[in-house]
Amino acid sequence: FLSMLYKGVFGTLRTLIGLGLLGSVLWQVTDRIRVDLFRPTEYFAFFSITSAIFAGLVVLVSGLMLLQGKSEPEKLNLLRLIAAVSMIIVGVVYHLLLGDSAVDPRDVGYEWPQIPNLVIHTYAPILVVSDYLLSIRGPRPKWRKALWVVVYPLAWLGFSLIRGLTDGWWPYWFINPGSEGGVIGMLTYILVIALAFISLGFIVLGLRLAITKILGVPSEQSRQP
């Protein structure tokens, strides 16, 4: 009974979070199309948008699996860890560095829809992380698995740098070598981002393991015959 209740509660939560994230991206896209300001090659290059889509798909798939009575595979659980760390970065960077950023001259007079903006940058990061920390009956990745969280942001950074050097467009000022900080500033931010992801990966995974240990809940692997 407890297993069914667990899967029902967390399956529903993840499904709603996933639909909320993907729906928020769709809402923003349709609104910008409405006012003829949708630039797909730029919109889908933002880390917050790619992370919202990635996290949305991961938690949605995981949620649907639980609702079908299936157990979450270890690889999918690892993807949820990566999604959780990515959404932490999205929320923190947005509120500390980007919330008051200058508006693109082409978007002057346009206001982003508030609800999807809040979902992507505020509510979803809290919910995705909370879900990962509290879903203590799922599989537990080994400590070294936390290093995988840096692969996704480094891949995004690599793509952004190649694109920026090619066409001169940058999704964020702090990875632009032509900004005030220059190449040294850009490399510093990249190093900080990489270290932040790795550190958060170990912190989030450590917190989840600590909560599991305190509550004395065995992992799903240990309960298998």
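Rules used in this analysis
- Residues numbered from 1 in each chain as written.
- Predicted model: local features only at pLDDT ≥ 70, side-chain atom pairs only at ≥ 80, totals over all residues.
- Heavy atoms only, no water.
- Salt bridge = Lys/Arg side-chain N within 4 Å of Asp/Glu carboxyl O.
- Helix = DSSP H or I, 4+ residues; strand = E, 2+ residues; numbered from the N terminus.
- Buried < 20%, exposed > 50% of the residue type's maximum accessible area, 1.4 Å probe, protein only.
- Expected span 1.5 Å × (residues − 1).
- Core = buried A, V, L, I, M, F, W, Y, C linked by side-chain atoms within 4.5 Å.
- Contact = heavy atoms within 4.5 Å.
- Axes fitted to C-alpha atoms, helices over the stretch in contact; angles between N-to-C directions.
- Parallel < 35°, antiparallel > 145°, perpendicular 65-115°, else oblique.
- Left-handed = near helix turned anticlockwise from the far one by under 90°.
- Nonpolar A, V, L, I, M, F, W, Y, C, P; charged D, E, K, R; others polar.
- Phe/Tyr/Trp six-rings, centres within 6.5 Å; stacked < 30°, edge-to-face > 60°.
- Lys NZ or Arg CZ within 6 Å of the ring centre and 35° of its normal.

## Some thoughts on the pattern of salt bridges
Applying the stated criterion to the full structure yields ten salt bridges. Linking Asp-107 and Arg-32 is a salt bridge whose minimum nitrogen-to-oxygen distance equals 3.0 Å. Highlighted residues: Asp-107 in the loop between helix H4 (74-98) and helix H5 (114-134) and Arg-32 in helix H1 (residues 2-34), separated in sequence by 75 residues. In terms of burial, Asp-107 and Arg-32 fall into one category: buried.

## A closer look at the environment of Lys-75
Mapping Lys-75 onto the fold places it in helix H4. Sequence separation of Lys-75 and Asp-36 is 39 residues, and the distance between their C-alpha atoms is 40 Å.

## Brief notes about H1
A rise of 1.5 Å per residue sets the reference length of H1, with its 33 residues, at 48 Å; its end C-alpha atoms lie 47 Å apart and thus fit the reference within 8%. Immediately beyond the C-terminal end of H1, within one or two residues, lies Asp-36, with a positive phi of roughly 60°.

## Some details on unusual backbone geometry
One non-glycine residue, Asp-36, adopts positive backbone phi at about 60°. By the element assignment, Asp-36 lies in the loop between H1 and helix H2 (40-43).

## Regarding the nonpolar core
If you look at the biggest cluster of nonpolar residues, it comprises 47 residues, and the most contacted ones within it are Leu-21, Phe-47, Leu-81 and Phe-197. Of all the secondary structure elements, the ones that give two or more residues to this core are H1, helix H3 (47-67), H4, H5, helix H6 (151-167) and helix H7 (182-215). Beyond its immediate stretch of four places on either side in the chain, Phe-47 contacts Ser-86, Ile-89, Val-90, Tyr-152, Pro-153, Trp-156, Tyr-172 and Phe-197.

## Some thoughts on the side chain of Arg-163
Following the sequence through the fold, Arg-163 ends up in helix H6. Not counting residues up to four positions away in its chain, the partners in contact with Arg-163 are Thr-41, Glu-42, Ala-45, Gly-168 and Trp-169.

## Let's talk about the packing of H1 against H5
Their axes nearest at 10 Å, the elements H1 and H5 cross at an angle of 155°. As the angle between them shows, H1 and H5 are arranged roughly antiparallel. The chirality of how H1 crosses H5 is left-handed. Note on element contacts: H5 touches H1 through Ile-115, Pro-116, Asn-117, Val-119, Ile-120, Ala-124, Leu-127, Val-128, Asp-131 and Leu-134, opposite Phe-10, Leu-13, Arg-14, Ile-17, Gly-20, Leu-21, Ser-24, Val-25, Trp-27 and Gln-28. In the contact of H1 with H5, the residues fall into 14 nonpolar, four polar and two charged.

## Digging into the packing of aromatic side chains
Counting across every chain of the model gives 18 aromatic pairs. Consider the rings of Tyr-43 and Trp-112, whose centres lie 6.3 Å apart with planes at 25°: the pair is stacked. With Tyr-43 in helix H2 and Trp-112 in the loop between H4 and H5, the pair connects residues that are 69 residues apart, well separated along the chain. On the basis of an interplanar angle of 85° and a centroid distance of 5.4 Å, the ring pair of Trp-173 and Phe-174 is categorised as edge-to-face. Given a relative accessible area of 41%, Trp-173 falls into the partly exposed group. Among the aromatic residues, ring-to-ring pairing joins Phe-46, Phe-47, Phe-54, Tyr-152, Trp-156, Trp-169, Tyr-172, Trp-173, Phe-174, Tyr-189 and Phe-197 into one connected group. A cation over a ring is seen here: Arg-208 above Tyr-132, with NZ or CZ 5.0 Å from the ring centre.

Everything listed here is a matter of coordinates, which is why it stays silent on function.
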